[in-house]
Amino acid sequence: PATRLSLTPITGRTHQLRVHCAALGHPIVGDPAYGIYGEASPNGGFAAHVMDQIAPNRASLELQQQINDFVVETKLKMCLHAKKLSLQHPVTK
(Lines give C-alpha, C1' and ligand atoms only; values in the text may rest on other atoms or scores of the structure.)
Protein backbone atom coordinates (compact mmCIF):
# COMPACT_ATOMS: atom_id res chain seq x y z
CA PRO A 1 0.00 0.00 0.00
CA ALA A 2 1.14 3.49 -0.86
CA THR A 3 -0.48 6.89 -0.88
CA ARG A 4 -0.26 9.49 -3.63
CA LEU A 5 0.49 12.92 -2.23
CA SER A 6 0.51 16.41 -3.64
CA LEU A 7 3.60 18.14 -2.30
CA THR A 8 4.86 21.63 -3.05
CA PRO A 9 8.50 22.36 -2.25
CA ILE A 10 9.20 25.84 -0.92
CA THR A 11 12.81 25.87 -2.10
CA GLY A 12 12.19 24.05 -5.37
CA ARG A 13 14.35 21.13 -4.26
CA THR A 14 13.17 17.53 -4.15
CA HIS A 15 15.49 16.91 -1.21
CA GLN A 16 13.15 18.99 0.94
CA LEU A 17 10.22 16.72 0.06
CA ARG A 18 12.24 13.56 0.60
CA VAL A 19 13.64 14.45 4.02
CA HIS A 20 10.35 15.77 5.38
CA CYS A 21 8.38 12.71 4.25
CA ALA A 22 11.00 10.46 5.86
CA ALA A 23 10.93 12.53 9.05
CA LEU A 24 7.18 11.94 9.25
CA GLY A 25 7.77 8.20 8.93
CA HIS A 26 6.48 7.97 5.36
CA PRO A 27 9.53 7.85 3.09
CA ILE A 28 9.03 8.17 -0.64
CA VAL A 29 8.91 4.73 -2.26
CA GLY A 30 12.30 3.74 -3.65
CA ASP A 31 14.17 6.66 -2.09
CA PRO A 32 17.82 5.54 -2.01
CA ALA A 33 18.80 8.09 0.65
CA TYR A 34 15.85 8.35 3.01
CA GLY A 35 14.13 5.01 2.47
CA ILE A 36 14.25 2.30 5.10
CA TYR A 37 17.81 1.22 4.23
CA GLY A 38 18.90 4.57 2.85
CA GLU A 39 22.28 6.18 3.14
CA ALA A 40 20.93 9.06 5.26
CA SER A 41 19.28 8.90 8.66
CA PRO A 42 15.96 7.05 8.57
CA ASN A 43 13.01 8.91 10.08
CA GLY A 44 14.86 12.17 9.54
CA GLY A 45 17.35 11.19 12.25
CA PHE A 46 14.75 10.90 15.00
CA ALA A 47 14.92 7.93 17.39
CA ALA A 48 12.08 5.39 17.21
CA HIS A 49 10.56 6.46 20.53
CA VAL A 50 10.45 10.09 19.36
CA MET A 51 8.81 9.01 16.10
CA ASP A 52 6.19 7.11 18.12
CA GLN A 53 5.23 10.40 19.75
CA ILE A 54 5.36 12.78 16.78
CA ALA A 55 4.08 10.44 14.05
CA PRO A 56 2.13 7.61 15.70
CA ASN A 57 0.40 6.68 12.41
CA ARG A 58 3.60 6.35 10.40
CA ALA A 59 4.24 3.30 8.26
CA SER A 60 5.35 0.38 10.40
CA LEU A 61 8.86 -1.00 10.07
CA GLU A 62 7.38 -4.23 8.71
CA LEU A 63 5.40 -2.37 6.03
CA GLN A 64 8.43 -0.28 5.05
CA GLN A 65 10.46 -3.50 4.73
CA GLN A 66 7.77 -5.09 2.53
CA ILE A 67 7.67 -2.02 0.29
CA ASN A 68 11.47 -1.98 0.09
CA ASP A 69 11.52 -5.68 -0.85
CA PHE A 70 9.03 -4.96 -3.66
CA VAL A 71 11.12 -2.01 -4.88
CA VAL A 72 14.27 -4.15 -4.96
CA GLU A 73 12.56 -7.12 -6.64
CA THR A 74 10.96 -4.99 -9.36
CA LYS A 75 13.97 -2.66 -9.73
CA LEU A 76 11.82 0.43 -9.25
CA LYS A 77 13.41 3.84 -9.14
CA MET A 78 12.39 6.52 -6.69
CA CYS A 79 8.68 7.29 -7.08
CA LEU A 80 8.84 11.08 -7.08
CA HIS A 81 7.30 12.56 -10.20
CA ALA A 82 6.08 16.01 -11.16
CA LYS A 83 2.58 16.43 -12.55
CA LYS A 84 3.19 20.10 -13.24
CA LEU A 85 6.29 22.27 -13.40
CA SER A 86 6.27 26.05 -13.37
CA LEU A 87 8.68 28.87 -12.83
CA GLN A 88 8.77 32.61 -12.86
CA HIS A 89 10.93 33.95 -15.68
CA PRO A 90 13.58 36.27 -14.20
CA VAL A 91 13.15 38.93 -16.91
CA THR A 92 9.53 38.83 -18.07
CA LYS A 93 8.07 37.59 -14.75
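Above this text sits the structure in question.
Remember, predicted model here, so these are calculated numbers, not experimental data. Numbers given for residues are sequential positions, taken from 1 along each chain in its written order. Owing to the predicted nature of the model, reporting of local features is limited to residues with pLDDT of at least 70; listing and counting of side-chain atom pairs is limited to 80 or more, with chain, interface and lining totals taken over all residues. With hydrogens and water stripped out, all remaining heavy atoms of the structure feed into the side-chain values.

Describing the overall build of the chain
On a plain count of helices and strands, the chain comes out with three helices and zero strands. Helix and strand labels come from DSSP, where a helix needs a run of H or I of at least four residues and a strand needs a run of E of at least two; each type is numbered from the N terminus. Ordered by position from the N terminus, the helices and strands of the chain form the series α-α-α. Expressed as lengths along the three principal axes of its C-alpha atoms, the size of the chain is roughly 50 × 35 × 25 Å. Split into buried and exposed, the 93 residues of the chain put 22% on the buried side. Taking as baseline every contact in the chain between residues at least 6 positions apart, the subset at least 24 positions apart corresponds to 49%. Element-wise, carbon and sulfur atoms account for 56% of the exposed surface of the chain, whose accessible area totals about 7400 Å². His is not counted, nor are the chain ends; Lys and Arg add positive charge and Asp and Glu add negative charge. For the purpose of locating charges, the reference atoms are NZ of Lys, CZ of Arg, CG of Asp and CD of Glu. For the chain, the separation between the mean place of its 9 positive charges and that of its 6 negative charges on side chains is 18 Å. Burial classes follow relative accessibility: with a 1.4 Å probe on protein chains only, a residue under 20% of its type's maximum area counts as buried, one over 50% as exposed, and anything between as partly exposed. The contact definition used throughout considers only heavy atoms, calling two residues in contact when any of these lie within 4.5 Å. Residue burial considers only the protein chains on display, and all accessible areas are found by Shrake-Rupley using a 1.4 Å probe.

So, the environment of Ala23
Examined against the element boundaries, Ala23 turns out to sit in helix α1 (residues 14-23). C-alpha of Ala23 to C-alpha of Thr3: the two residues are 20 residues apart in sequence and 16 Å apart in space.

Section: the pattern of salt bridges
The salt bridge definition used is simple: a Lys or Arg side-chain nitrogen within 4 Å of an Asp or Glu carboxyl oxygen. This structure, assessed with the given rule, holds two salt bridges. In this structure, Arg18 engages Asp31 in a salt bridge whose closest nitrogen and oxygen atoms are separated by 2.7 Å. Of the two residues, Arg18 sits in helix α1 while Asp31 sits in the loop between α1 and α2 (48-54), which places them 13 residues apart along the sequence. Arg18 gets classed as buried once you look at its relative accessible area, which sits at 14%.

Geometric descriptors of this kind do not, in isolation, establish any biological role.
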